[in-house]
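The primary structure of each chain is shown beneath.
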Amino acid sequence: DAKTTQPNSMESNEEEPVHLPCNHSTISGTDYIHWYRQLPSQGPEYVIHGLTSNVNNRMASLAIAEDRKSSTLILHRATLRDAAVYYCILRGNAGNNRKLIWGLGTSLAVNP
Amino acid sequence: GAGVSQSPRYKVAKRGQDVALRCDPISGHVSLFWYQQALGQGPEFLTYFQNEAQLDKSGLPSDRFFAERPEGSVSTLKIQRTQQEDSAVYLCASSLRRFGGETQYFGPGTRLLVL
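Residues numbered from 1 in each chain as written. Chains lettered and ligands numbered in written order. Predicted model: local features only at pLDDT ≥ 70, side-chain atom pairs only at ≥ 80, totals over all residues. Heavy atoms only, no water.

Chemist: Quick question: what am I supposed to make of the overall build of chain A here?
Modeler: The number of helices and strands found in chain A is 0 helices and 9 strands. The N-to-C order of helical and strand elements in chain A reads β-β-β-β-β-β-β-β-β. A globule of 112 residues ought to have a C-alpha radius of gyration of about 13 Å, and chain A, at 13 Å, matches this closely. Across its three principal axes, chain A shows a C-alpha extent of roughly 45 × 30 × 25 Å. The proportion of buried residues among the 112 residues of chain A is 46%. Considering only intrachain contacts with a sequence separation of at least 6, the fraction spanning at least 24 residues in chain A is 56%. Looking at chain A as shown, the accessible area adds up to about 5600 Å², and 47% of this sits on carbon and sulfur atoms. (Helix = DSSP H or I, 4+ residues; strand = E, 2+ residues; numbered from the N terminus. Rg over C-alpha atoms; globule rule 2.2 N^0.38 Å. Buried < 20%, exposed > 50% of the residue type's maximum accessible area, 1.4 Å probe, protein only. Contact = heavy atoms within 4.5 Å. Areas by Shrake-Rupley, 256 points an atom, 1.4 Å probe, with all protein chains shown as cover.)

This is the structure we're talking about:
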């Protein structure tokens with residue numbers, strides 16, 4: 001199973017942009033890049049996903065490197081409610097290989 | 001609309017007891033996943049259902065763990081003869097099966113403590 005590497009923790013100030021990096025050098029051509037986040041004492045929550053092109057939604061943007069070996073989740077204006085553990089995950093798209101393989105994620109702290 | 005629900009939210013069991021954890025997925029979602037999350041760790045995959053068919057159970061840690069989804073909706077994860085190392089949060093997720101990347105919607109989890 002492909003793996004991802006993320007910093008253990010990051011810190012940001014409220015209303016500033018946050019760039020959360022993820023390395024996935026062993027990604028295969030059919031792997032999707034998914035980001036989830038988990039607030040304290042809650043189940044994970046979907047944030048965004050992409051394959052090759054950059055993606056935007058109401059929560060965040062996902063910038064994918066041209067060689068797809070890394071990606072960056074961008075929170076445009078961090079709020080206190082964005083404090084969570086952010087997981088970068090590769091998900092296969094072949095047959096029954098749809099399970100998510102999770103790492104330790106990045107714990108984001110947001111300062112007021 | 002209603003999201004994924006799990007019950008109970010908290011369960012304390014004595015070592016050796018059997019427990020059953022319930023998951024109600026989002027209506028109409030055909031895929032259902034169970035994950036185990038130890039304290040300070042990311043979730044770990046346990047098993048996957050497509051409708052009532054259990055297509056992947058490679059993550060179940062031992063034969064004490066059993067999951068079912070008999071009618072393709074509600075699922076139950078059963079742990080027999082619980083051990084202290086089974087203490088964790090058990091997460092259920094559901095998703096629509098469609099081509100390409102699919103979003104998994106998670107429930108709040110069941111926190112199991114085995115004494």
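The rest of the description comes next.
Chemist: Before we go on, may I ask you to explain the side chain of B:Asp56 in this structure?
Modeler: Structurally, the position occupied by B:Asp56 is in strand E6 (residues 53-56). A polar contact of 2.7 Å, which involves the side chain of B:Asp56, links it to the side chain of B:Ser58. Those residues in contact with B:Asp56, other than ones at most four positions away along the chain, are A:Lys99, B:Phe45, B:Leu46, B:Thr47 and B:Tyr48. (Polar contact = N/O pair within 3.5 Å; in protein donor to acceptor, adjacent residues only side chain to side chain.)

Chemist: Would you mind going over the nonpolar core with me for this structure?
Modeler: Within the largest apolar cluster, 21 residues are counted, with the highest numbers of intra-cluster contacts made by A:Leu20, A:Ile33, A:Trp35, A:Leu73, A:Leu75, A:Tyr86 and A:Leu108. Elements with a minimum of two residues in this core: strand E2 (18-23), strand E3 (32-38), strand E4 (45-50), strand E6 (61-64), strand E7 (70-75), strand E8 (84-91) and strand E9 (106-111) of chain A. With 4 residues, E8(A) is the single largest residue contributor to this core. Once residues within four sequence positions are removed from consideration, A:Leu73 is found in contact with A:Val18, A:His19, A:Leu20, A:Trp35, A:Val47, A:Ile48, A:Ala60, A:Ser61, A:Leu62 and A:Tyr86. One finds B:Leu21, B:Leu46, B:Ile79 and B:Cys92 within the second-largest nonpolar core, a separate group that totals 20 residues. (Core = buried A, V, L, I, M, F, W, Y, C linked by side-chain atoms within 4.5 Å.)

Chemist: Whenever I open this one, the interface of chain B and chain A confuses me. Can you help?
Modeler: Many analyses report the size of an interface as the accessible area lost when the parts associate. Taken together, the contact between chain B and chain A spans 25 residues of the former and 21 residues of the latter. At the boundary of chain B with chain A, total buried surface from both sides reaches about 1800 Å², with 50% on carbon and sulfur atoms. The tally of links from chain B across to chain A stands at 0 salt bridges. Taken together, chain B and chain A are joined by 3 residue pairs in polar contact (both at pLDDT 80 or more). Only strand E4 (31-37), strand E5 (44-50) and E6 of chain B provide two or more residues apiece to the side of chain B that touches chain A. For the side of chain B that touches chain A, the element with the highest residue contribution is E4(B), accounting for 3 residues. Taken together, the residues of the side of chain B that touches chain A break down into 10 nonpolar, 10 polar and 5 charged. (Buried area = accessible area lost by both parts, 1.4 Å probe. Salt bridge = Lys/Arg side-chain N within 4 Å of Asp/Glu carboxyl O. Nonpolar A, V, L, I, M, F, W, Y, C, P; charged D, E, K, R; others polar.)

Chemist: How should the sheet that holds E9(A) be read in this particular structure?
Modeler: As a general point, the strands of a sheet are linked pairwise by backbone hydrogen bonds and lie either parallel or antiparallel. Residue and element names in this part refer to chain A. Sheet architecture is open: 5 strands sit in the order E1-E9-E8-E3-E4, paired in mixed fashion. Either end of the sheet is taken by a strand with one partner, and the two such strands are strand E1 (9-13) and E4. The average angle at which neighbouring strand axes cross in this sheet is 25 degrees, direction not considered. (Pairing = 2+ DSSP bridges. Axes fitted to C-alpha atoms, helices over the stretch in contact; angles between N-to-C directions.)

Chemist: Even after reading the chapter, I still don't get the sheet that holds E6(A), so can you show me in this structure?
Modeler: Residues and elements named next belong to chain A. Pairing is antiparallel in the open sheet, where 4 strands are placed in the order E2-E7-E6-E5. Edge positions in the open sheet fall to E2 and strand E5 (55-56), since each of these has one partner strand only. Note: E6 against E7, 4 bridges, orientation antiparallel. Considered in E7, the bridge of Ile-64 is made with Ser-71.

Keep in mind these numbers describe shape, not what the thing actually does.
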